[in-house]
Amino acid sequence: VVSGVIVRSCQKQGCWAELAPSMDSKSSIRIDFNKHEFFIPLKSQGFKAKVEGVFSVKRLSKEEVDHYVEEGASFENLNDDGSANVISFLASGIVLTKAE
């Protein structure tokens, strides 16, 4: 279980989010919602989140990176070929709470 603040999320379907300790954090982890099995509201940025799931490290192809950027994601360290190595968290559940 991890907790934090949603700093970015998919702006097309709500099928992924980036979670960080605070809105001004320099780094975040990517949360994927189990192959589109569930979604979060499109306007989830700034919400507190408690997420259950499993961590993994994976390489996103240039095409995947481009797709996620189109949906609102950002990547700090791209590989020379446009791919990205990311720490991902495959969520099996999430609880969102509006920040005060």
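Along each chain, residue indices are assigned from 1 in the same order as the chain's sequence is written. At least 70 in pLDDT is required for a residue's local features to be given in this predicted model, at least 80 for side-chain atom pairs to be given and counted, and no such filter applies to totals for whole chains, interfaces and linings, which use all residues. Side-chain calculation: all heavy atoms of the structure are included, whereas hydrogens and water are not.

*Asks:* It is not clear to me how the sheet that holds strand 3 (residues 29-32) should be interpreted in this structure. Could you clarify?
*Replies:* What holds strands together in a sheet is hydrogen bonding between their backbones, with the strands either parallel or antiparallel. Spatially, 1-2-3-5-4 is the arrangement adopted by the five strands of the closed barrel, whose pairing is mixed. Here the strands of the sheet are splayed against their neighbours by 50° on average, with no regard to which way each runs. Across four bridges, the pairing between strand 1 (residues 2-9) and strand 4 (residues 48-60) is antiparallel. By the bridge assignment, valine 5 is partnered in strand 4 with lysine 48. Should any heavy atoms of two residues lie within 4.5 Å, those residues are counted as being in contact. In this analysis an axis means a line fitted to C-alpha atoms, helices contributing only their contacting stretch, and an angle means the value between N-to-C directions, from 0 to 180 degrees. The way it works is that DSSP assigns letters per residue, a run of H or I at least four long becomes a helix, a run of E at least two long becomes a strand, and they are numbered from the N terminus. Packed on one face of the sheet, helix 1 (residues 62-70) meets strand 2 (16-20), strand 3, strand 4 and strand 5 (84-97) and runs near 150° to strand 4. DSSP calls a pair of strands paired once it identifies at least 2 bridges connecting them.

*Asks:* Looking at this model, I keep getting lost on the pairing of strand 4. Mind explaining?
*Replies:* Here strand 4 runs beside strand 5; their pairing, made up of 13 bridges, is antiparallel. Across the sheet, the residue bridging to lysine 48 is threonine 97, located in strand 5.

*Asks:* Could you clarify how one ought to interpret the nonpolar core in this entry?
*Replies:* Note that soluble globular proteins tend to have their nonpolar side chains buried in a common cluster. In this description, a nonpolar core means a group of buried Ala, Val, Leu, Ile, Met, Phe, Trp, Tyr and Cys residues linked to one another through side-chain atoms lying within 4.5 Å. Buried, partly exposed and exposed residues are distinguished by accessible area as a fraction of the type maximum, computed with a 1.4 Å probe on protein chains only: under 20%, between the cut-offs, and over 50%, respectively. Among the nonpolar cores identified, the biggest contains 12 residues, and these are Val2, Ile6, Ala17, Leu19, Ile29, Ile31, Phe33, Ile40, Ala49, Val51, Phe89 and Ala91. Looking at this core, the elements with two or more residues in it are strand 1, strand 2, strand 3, strand 4 and strand 5. The next biggest cluster of nonpolar side chains, apart from the first, holds 10 residues, and it includes Cys10, Cys15, Val65 and Val86.

*Asks:* Honestly, the side chain of glutamate 18 in this entry has me stumped. Any pointers?
*Replies:* Counting through the fold element by element, glutamate 18 comes out in strand 2. Ignoring sequence-local partners within four residues, the contact set of glutamate 18 consists of Val5, Ile6, Val7, Arg8, Ser28, Ile29, Ala73 and Ser74.

*Asks:* Explain the pattern of salt bridges here, please?
*Replies:* Between side chains of opposite charge, a pair can form as their charged atoms come close. Salt-bridge detection follows one rule: a side-chain nitrogen of Lys or Arg within 4 Å of a carboxyl oxygen of Asp or Glu. Scanning all chains against the criterion turns up six salt bridges. Linking aspartate 32 and lysine 58 is a salt bridge whose minimum nitrogen-to-oxygen distance equals 3.3 Å. Of the two residues, aspartate 32 is situated in strand 3 and lysine 58 in strand 4; the sequence distance between them amounts to 26 residues. Look at aspartate 32 and you get buried, because its relative accessible area is 10%. Classification of lysine 58 as partly exposed rests on a relative accessible area of 32%.

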